[in-house]
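Residues per chain, in single letters:
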Amino acid sequence: MANTHDPLRGSREPEPRDLPRLPGVSHAFLTLSTGLRMHVAEAGRPDAPTVLLLHGFPQHWWEWRKVILPLARHYRVIAPDLRGAGWTDAPAHGYSAKEILADVLALLDQLGLRRVGLVAHDFSAFVGFRLCFDHPERIAAFLCLGPHPYLRFKPHMLAGIPQLWFQPVVATPRLGPWALATDRLARHLLRGGFTTAESITDEDLAIFTARLHEPGHPEAGSALYRKLILPEMGRFSSGAYRKRRLTVPTVALVGGADAGVRPGMLDVHGDPAGDLAGHVVDGAGHYLADDRPDVVTTHALELFARVL
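Residues numbered from 1 in each chain as written. Predicted model: local features only at pLDDT ≥ 70, side-chain atom pairs only at ≥ 80, totals over all residues. Heavy atoms only, no water.

A.B. asks: Can you explain the overall build of the chain? Please cite residues and give values.
C.D. replies: Scanning the chain from terminus to terminus reveals ten helices and eight strands. What you see for the chain is a C-alpha radius of gyration of 18 Å, in line with the 19 Å of a compact globule of 308 residues. For the chain, the C-alpha atoms occupy an extent of roughly 55 × 45 × 35 Å along the three principal directions. For the chain, buried positions account for 57% of its 308 residues. (Helix = DSSP H or I, 4+ residues; strand = E, 2+ residues; numbered from the N terminus. Rg over C-alpha atoms; globule rule 2.2 N^0.38 Å. Buried < 20%, exposed > 50% of the residue type's maximum accessible area, 1.4 Å probe, protein only.)

Spelled out as structure tokens, the structure:
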């Protein structure tokens, strides 16, 4: 649904010198009702239905550089930097799923967007499902770049745990921020999650890791793991969401080369959703939008054509 109220038009500021440029993409800064000053990248026609892109960690809006313009041929595309990431402020607090969700809802409200198509990756996929469960009227359809919450734990899935050794490190106060600020850990996380050198270039790596040197950003990354990522992973694996019915049309994609993905992660047990499908993407690791933007774009266009 197109919006009639557009605060982005009046919130243009001089772009930071280190902000990467992408032809056809404009940038704005908004102060949300939650008090957060948020950077928003935008492309497409202002009067078109809107697709919202939510990035993962340790990325920011630049994660969508290969997807945003193909989608913008059909939709207005909004790609914010979430709290503590990219060019958005990194306050000391506010990194739980509930608080990140409040930021996203505040953004939609401020832009006058009653209903959007959603694409979310990594930790934002957790936020995406919370949006679908708690505010289904706001989400027309959801393309999740990650598993859905109806997976059932099986012993063979334990084989993926060693690949996640970094999570408790990042989540530990003091240790996590120090590790993120050194650049080595963030580069390791990024390099270990894509399949070809062209997927995330050295220039892309520098764009992603440079923002972790900004004041408050390493601490924000650590808090995100401690307060959102690890708790939500626990809820997913324990089946905490299996009693909740998903009414939003949803497609879940996982990379076939993702070291953390195990057979059965996309199986749906019981009848928890009216419209849920899962697909394994060949030639993709964890960073699907970087490895296979063609597949992500195709699934997004097919899904949103049904509802927007």
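A.B. asks: Tell me about helix 3 (residues 123–134), and name the residues and values.
C.D. replies: Across its twelve residues, helix 3 extends 17 Å between first and last C-alpha, which sits within 8% of the 16 Å expected from 1.5 Å per residue. For helix 3, the tally of buried residues reaches eleven of twelve residues, placing the bulk of the element in the interior. For helix 3, every residue scored as buried is listed here: Phe123, Ser124, Ala125, Phe126, Val127, Gly128, Phe129, Arg130, Leu131, Cys132 and Phe133. Packed against the buried residues of helix 3 are strand 3 (50–54), helix 2 (97–110), strand 5 (116–121), strand 6 (139–145), helix 8 (217–238) and strand 7 (250–255). (Expected span 1.5 Å × (residues − 1). Contact = heavy atoms within 4.5 Å.)

A.B. asks: Run through empty space enclosed by the protein, naming residues and quoting values.
C.D. replies: Across all of its chains, the model carries one cavity of 30 Å³ or more by this definition. Estimated volume of the largest cavity: approximately 140 Å³. Along its surface, the largest cavity is lined by 19 residues, and Phe57, Gln59, Gly84, Ala85 and Leu212 are the ones closest to its centre. For the lining of the largest cavity, the element with the most residues is helix 8, which contributes four residues. (1 Å grid on protein atoms, 1.4 Å probe; cavity = no way out; pocket = protein on both sides within 12 Å on 5 of 7 lines; lining within 4 Å. Points joined across faces, edges and corners; volume = space filled by probe spheres on them.)

A.B. asks: Now, about the sheet that holds strand 7: what can you tell me, with residues and values included?
C.D. replies: Strand order in the open sheet made by the eight strands is 1-2-4-3-5-6-7-8, with mixed pairing throughout. Of all strands in the sheet, those with a lone pairing partner are strand 1 (26–31) and strand 8 (276–281), marking the two edges. On average, each strand axis in the sheet is inclined to that of its neighbour by 20°, with strand direction left out of account. The pairing of strand 1 with strand 2 (residues 37–43) spans six bridges and is classified as antiparallel. Bridging across to strand 2, Ser26 finds its partner in Glu42. Contacting strand 3, strand 5, strand 6 and strand 7, helix 3 runs over the sheet at an angle of about 155° to strand 6. Most of the contacts of helix 10 (residues 293–305) go to strand 6, to which it runs at about 160°, and overall it touches strand 3, strand 5, strand 6, strand 7 and strand 8. (Pairing = 2+ DSSP bridges. Axes fitted to C-alpha atoms, helices over the stretch in contact; angles between N-to-C directions.)

A.B. asks: How would you summarise the packing of helix 3 against helix 8 if you had to cite specific residues and measurements?
C.D. replies: Packing of helix 3 against helix 8 brings their axes to within 10 Å, and their N-to-C directions diverge by 65°. For the crossing formed where helix 3 meets helix 8, the hand is left-handed. Here Phe123, Phe126, Val127, Phe129 and Arg130 of helix 3 come into contact with helix 8, specifically with Leu224, Leu228, Ile229, Glu232, Met233 and Phe236. (Left-handed = near helix turned anticlockwise from the far one by under 90°.)

A.B. asks: Give a description of the side chain of His55 that names residues and reports values.
C.D. replies: By the secondary structure assignment, His55 is in the loop between strand 3 and helix 1 (68–72). For His55, a relative accessible area of 0% gives the class buried. With residues up to four places along the chain from it excluded, the contact list for His55 reads His60, Trp61, Glu63, Trp64, Pro80, Asp81, Leu82, Ala85, His121, Phe123 and Ser124.

A.B. asks: Describe the packing of aromatic side chains, listing the residues and the values that go with them.
C.D. replies: For the structure shown, the criterion picks out ten aromatic pairs. Their ring planes at 75° and their centres at 5.0 Å tell us that Phe129 and Phe142 sit as a pair that is edge-to-face. Note that Phe129 is positioned in helix 3 and Phe142 in strand 6, a separation of 13 residues in sequence. Exposure class is identical for Phe129 and Phe142. Each is buried. Feature note: the residues Phe126, Phe129, Phe133, Phe142, Phe236 and Tyr241 constitute an aromatic cluster, connected by ring pairs. (Phe/Tyr/Trp six-rings, centres within 6.5 Å; stacked < 30°, edge-to-face > 60°.)

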